[in-house]
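Coordinate analysis (summary)
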Amino acid sequence: MKTTILFDLDGTLIDSTEAILESFYHAFESFSAKPPKQEEIESKIGYTLEDIFGFLGVENRHIDEYVASYKEKYREISKPKTYLLEGAKEALEIASSFARLGVVTTKTARYSKDLIEHMSVMHYFETLIGREDVQNVKPHPEPIYKALANMGKTESDDKSGIWMIGDTFLDIEAAKNAGIKHVALMTGYGDKEELKELSEIMTKGVLEAVLTIKQSLA
């Protein structure tokens, strides 16, 4: 059975930190609220926008308004302020030579596809699962199961050749909950000590992660 690799997006394949931060600041400023510190925002990247605004102290009754303001700004600036991470394109080229590829992200699928197409790498992926495609986001296994189903796999199929690459505990826990292998990245948004406790395989970036998976097949 051909190897399957599922990739997280932010902090794994792309760097959209500038666009994310600017969009959060825009949302808080739109409601004359004091914006949080940069490190507070970055530490929560990977969660849904609704969750992040909640973590940052926005009252539940106002979260939808903040999310809408965020998205308005993000749509405007995401493409010019988002970049492929170093080694990402090479990683995808190599991975596609021996594996089927997919994306599992908590970002909105529509805008994620737009970004990936803008970077000319969408053709590497068979499927992309985003926030609106599932009821339960990572660390729940549903996004992984949905991606695999789109690739013709069922939950009962052999999972020995399926991998998840991600940079936060949400990715690693989702992989564990889905019963698939995983590689944790040290160069993303996740807490490094936490990731060390969760994953037996850690790499400096996505290229090294792909090469590690390829070497495991030899």
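Everything that follows concerns the structure shown earlier in this document.
Residues numbered from 1 in each chain as written. Predicted model: local features only at pLDDT ≥ 70, side-chain atom pairs only at ≥ 80, totals over all residues. Heavy atoms only, no water.

Moving on, we come to helix α1 (residues 17–30). For an α-helix the count is 3.6 residues per turn, leaving residues at separations of three or four pointing the same way. Between its first and last C-alpha, α1 extends 20 Å over 14 residues, near the 20 Å set by a 1.5 Å rise per residue. Every buried residue of α1 is accounted for by Thr-17, Ala-19, Ile-20, Leu-21, Ser-23, Phe-24, Ala-27 and Phe-28. The inward-facing, buried residues of α1 contact β2 (14–15), α2 (38–42), α3 (49–55) and α4 (60–77). At the C-terminal side of α1, Ser-32 shows a positive phi close to 55°. (Helix = DSSP H or I, 4+ residues; strand = E, 2+ residues; numbered from the N terminus. Expected span 1.5 Å × (residues − 1). Buried < 20%, exposed > 50% of the residue type's maximum accessible area, 1.4 Å probe, protein only. Contact = heavy atoms within 4.5 Å.)

Let's shift gears to the pairing of strand β1 (residues 3–7). Across the five residues that make up β1, a large majority, five, are buried. Burial along β1 is two-sided: the face carrying Thr-3, Ile-5 and Phe-7 and the face carrying Thr-4 and Leu-6 are both buried. Pairing geometry for β1 and strand β4 (residues 99–104), over five bridges, is parallel. Residue pairing across strands places Phe-7 opposite Val-103, the latter belonging to β4. Alignment of β1 against strand β6 (residues 162–166), held across four bridges, turns out to be parallel. (Pairing = 2+ DSSP bridges.)

Time to look at helix α5 (residues 88–96). Taken together, the buried positions of α5 are occupied by Ala-88, Ala-91, Leu-92, Ile-94 and Ala-95. What you see down the axis of α5 is that its buried residues fit within an arc of 165°, all on one side. Where α5 is buried, its residues touch β1, β3 (83–84), β4 and α10 (206–216). (Arc of directions from axis to C-beta.)

Moving on, we get to the packing of α5 against α10. Orientation of α5 relative to α10, taken along the N-to-C sense of each, is 20°, at an axis distance of 8 Å. Viewed along their axes, α5 and α10 adopt a mutual orientation that is roughly parallel. Considering the relative orientation of α5 and α10, their crossing is left-handed. Contact residues: α5 offers Ala-88, Glu-90, Ala-91, Ile-94 and Ala-95, while α10 offers Val-206, Leu-207, Val-210, Leu-211 and Lys-214. (Axes fitted to C-alpha atoms, helices over the stretch in contact; angles between N-to-C directions. Parallel < 35°, antiparallel > 145°, perpendicular 65-115°, else oblique. Left-handed = near helix turned anticlockwise from the far one by under 90°.)

A separate point is the layout of surface pockets. If you roll a probe as big as a water molecule over the atoms, it shows you where there is empty space left. The computed volume of the largest pocket comes to approximately 420 Å³. Tyr-47, Leu-49, Thr-106, Lys-107 and Thr-108 are the residues nearest the centre of the largest pocket, which is lined by 28 residues in total. Of all the secondary-structure elements, those providing two or more residues to the lining of the largest pocket are α1, α3, α4, α6 (109–118) and α8 (169–178). By residue number, the principal contributor to the lining of the largest pocket is α4, which donates four residues. Looking at side-chain class alone, the lining of the largest pocket contains 11 nonpolar, seven polar and 10 charged residues. (1 Å grid on protein atoms, 1.4 Å probe; cavity = no way out; pocket = protein on both sides within 12 Å on 5 of 7 lines; lining within 4 Å. Points joined across faces, edges and corners; volume = space filled by probe spheres on them. Nonpolar A, V, L, I, M, F, W, Y, C, P; charged D, E, K, R; others polar.)

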